[in-house]
Amino acid sequence: AVVSTQSTGRKKKEVWIAAFVLSCILVWVFVPKNDPILGSTRPPVDIYQITFSQDESETIHIDTDINAQGIKDSSTQSTHEKKHFEINWDTLADHLDEFNRDSPIKNAEKFQLASSYIPIVVRVFDRHEYLQYFIDNLRHTIGISETLLIISHDSLCKEVFEVIDSIDFMQVKQLIHPYSKNILGDKSQIGENPKTRPKHHFWWMLNYIWDVLLPEFNGDIVLLEEDHVQTWDFYMTSKRVAEIRNKICPNCWNAKLIQHGKPSIGRAEELFLSIDQGNVGMIFDRPRWEIFKKAGREFCNFNDYNVDWTMTHLAGVNLLERKSLTISKARSFDVGKCGMHAHSSSCEIPEETKQSFANYNKQILDQLGSDVNKWWTDYSFSLTATGYKDWNHRGWG
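Just so we're clear, the structure is a prediction, and the values are computed from it rather than from any experiment.

About the thresholds
Residues numbered from 1 in each chain as written. Predicted model: local features only at pLDDT ≥ 70, side-chain atom pairs only at ≥ 80, totals over all residues. Heavy atoms only, no water. Pairing = 2+ DSSP bridges. Helix = DSSP H or I, 4+ residues; strand = E, 2+ residues; numbered from the N terminus. Axes fitted to C-alpha atoms, helices over the stretch in contact; angles between N-to-C directions. Contact = heavy atoms within 4.5 Å. Salt bridge = Lys/Arg side-chain N within 4 Å of Asp/Glu carboxyl O. Buried < 20%, exposed > 50% of the residue type's maximum accessible area, 1.4 Å probe, protein only. Arc of directions from axis to C-beta. Core = buried A, V, L, I, M, F, W, Y, C linked by side-chain atoms within 4.5 Å.

Colleague: Run through the sheet that holds strand S7 (residues 220–225), naming residues and quoting values.
Modeller: If you walk across this open sheet you meet the nine strands as S6-S5-S4-S7-S11-S9-S12-S10-S14, and the pairing is mixed. In the strand order of this sheet, the two ends are held by strand S6 (171–176) and strand S14 (380–382), each with one partner. This sheet shows a mean twist of 25° between the axes of neighbouring strands, independent of strand direction. As paired strands, S7 and strand S11 (residues 282–285) are joined by four bridges and run antiparallel to one another. By the bridge assignment, Val-222 is partnered in S11 with Ile-283. The strands that helix H6 (residues 197–213) touches are strand S4 (120–124), strand S5 (148–153), S6, S7 and S11; relative to S4, the one it contacts most, it runs at about 145°.

Colleague: Describe the pattern of salt bridges, with residues and values.
Modeller: On inspection of all chains with the given rule, the structure shows 17 salt bridges. A salt bridge links Asp-227 to Arg-127; its shortest N-O distance comes to 3.4 Å. Within this pair, whereas Asp-227 is found in the loop between S7 and strand S8 (228–230), its partner Arg-127 is found in the loop between S4 and helix H3 (128–138), the two being separated by 100 residues in sequence. Arg-127 shares its class with Asp-227; the two are buried. The shortest N-O distance in the salt bridge between Lys-293 and Asp-211 comes to 2.7 Å. One end of the pair, Lys-293, is in helix H8 (residues 286–294); the other, Asp-211, is in helix H6, and 82 residues separate them in sequence. Judged by relative accessible area, Asp-211 falls into the partly exposed class, the value being 34%. If you follow the salt bridges from partner to partner, you end up with Asp-220, Arg-245, Asp-285 and Arg-288 in one network.

Colleague: Lay out H8 with the relevant residues and their values.
Modeller: Think of an α-helix as turning once every 3.6 residues; residues three or four places apart then point the same way. Inspection of H8 places Arg-286, Arg-288, Trp-289 and Phe-292 among the buried residues, and these make up the whole buried set. Along the axis of H8, the buried positions cluster into a sector of 150°, meaning they face one direction only. Its buried side turned inward, H8 meets H6, helix H7 (234–248), strand S9 (254–256), S11, helix H9 (296–301) and helix H10 (307–316).

Colleague: So what's going on with the nonpolar core? Residues and values would help.
Modeller: Of all hydrophobic cores here, the largest spans 82 residues; its most connected members are Ile-120, Leu-138, Leu-149, Leu-206 and Phe-292. Discounting chain neighbours no more than four positions away, the residues touching Leu-206 are Ile-221, Leu-223, Phe-284, Trp-289 and Phe-292.

Colleague: Please set out the side chain of Arg-245 residue by residue, giving values where relevant.
Modeller: Along the chain, Arg-245 falls in helix H7. What makes Arg-245 buried here is its relative accessible area of 0%. With residues up to four places along the chain from it excluded, the contact list for Arg-245 reads Asp-220, Pro-250, Cys-252, Asn-254, Ala-255, Ile-283, Phe-284, Asp-285, Arg-288 and Leu-325.

By themselves, these are just geometric observations and shouldn't be taken as functional.
Written as structure tokens, this is what we have:
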């Protein structure tokens, strides 16, 4: 009886997930035909009811009652259209691929990408409280409207999608990891250890972005996660530091927004060489991605679920350059206290954390000044940082 109850509960969860996925797909399938992104003339629609069931063959039957509203002679006319969809669990990943490929970019009609923009790539799971804080800070970031935010989902969380829907200050492209065990359950091809899932997602995400989403893009991207928080200047600083990296350390594997272990020493425009491969605020371009991609087999086979430790291993066996150009005074922080690496049951951001970060932002402003054109024009650089004996040293002095 216990097994039967658990099985029934799992199937109900899977059915709900399938319905949620399809509702996302339907949103863009039936978007207004006069939508500036799609350039069409279909009247707007509102999907307000979805019912679903599951038969013995594990086929999901989803019936939608679509309310299509058209405006004519200053009056609103409504019509109803019934639709029936069938999704088998064996092909659910195909529908996710379709969503990734064809779903429109949010706010594309409002904002134009700069010629030198750096896409901001964020992996999200189900911690919507952290994502809300991330977005609230992103909203006030200098220069943010010129770039693209790419969000890659590892689960389907209603609250997360609602947070993303509130973004009205930049372009946004959403992806859904089509092989996520959090979405596909037992149908996933990923192993049972839940700690390996973020690493699989990380590798799929990078391959998809570079090879499918942005195949002609050769510039840098910056990698973040939902529980990271950035200073108000982090985007413009990312652009400038990437340029400096190419000038003074072309062999550096990446540029980084934080020094692992000692994030806030030094001043706002100080740089140094480090050897740690922490994945918070990592900035790298296509040529560096191509080097990383060649190490894919070793990355996937290395027996550690952490992305940063795996990358440190790749550097140790000479598949990646060990050096990174790093900012002494961090522009990105991991504030996560719940989730895989933390033990708190609450994902709420404490007020003291928010206040501390606000004070830190003020420090950055006081040191940089308000003239963006003068930022990083008089930076300092050293081969070592406080705490390092030399850049070959693997520990703190």
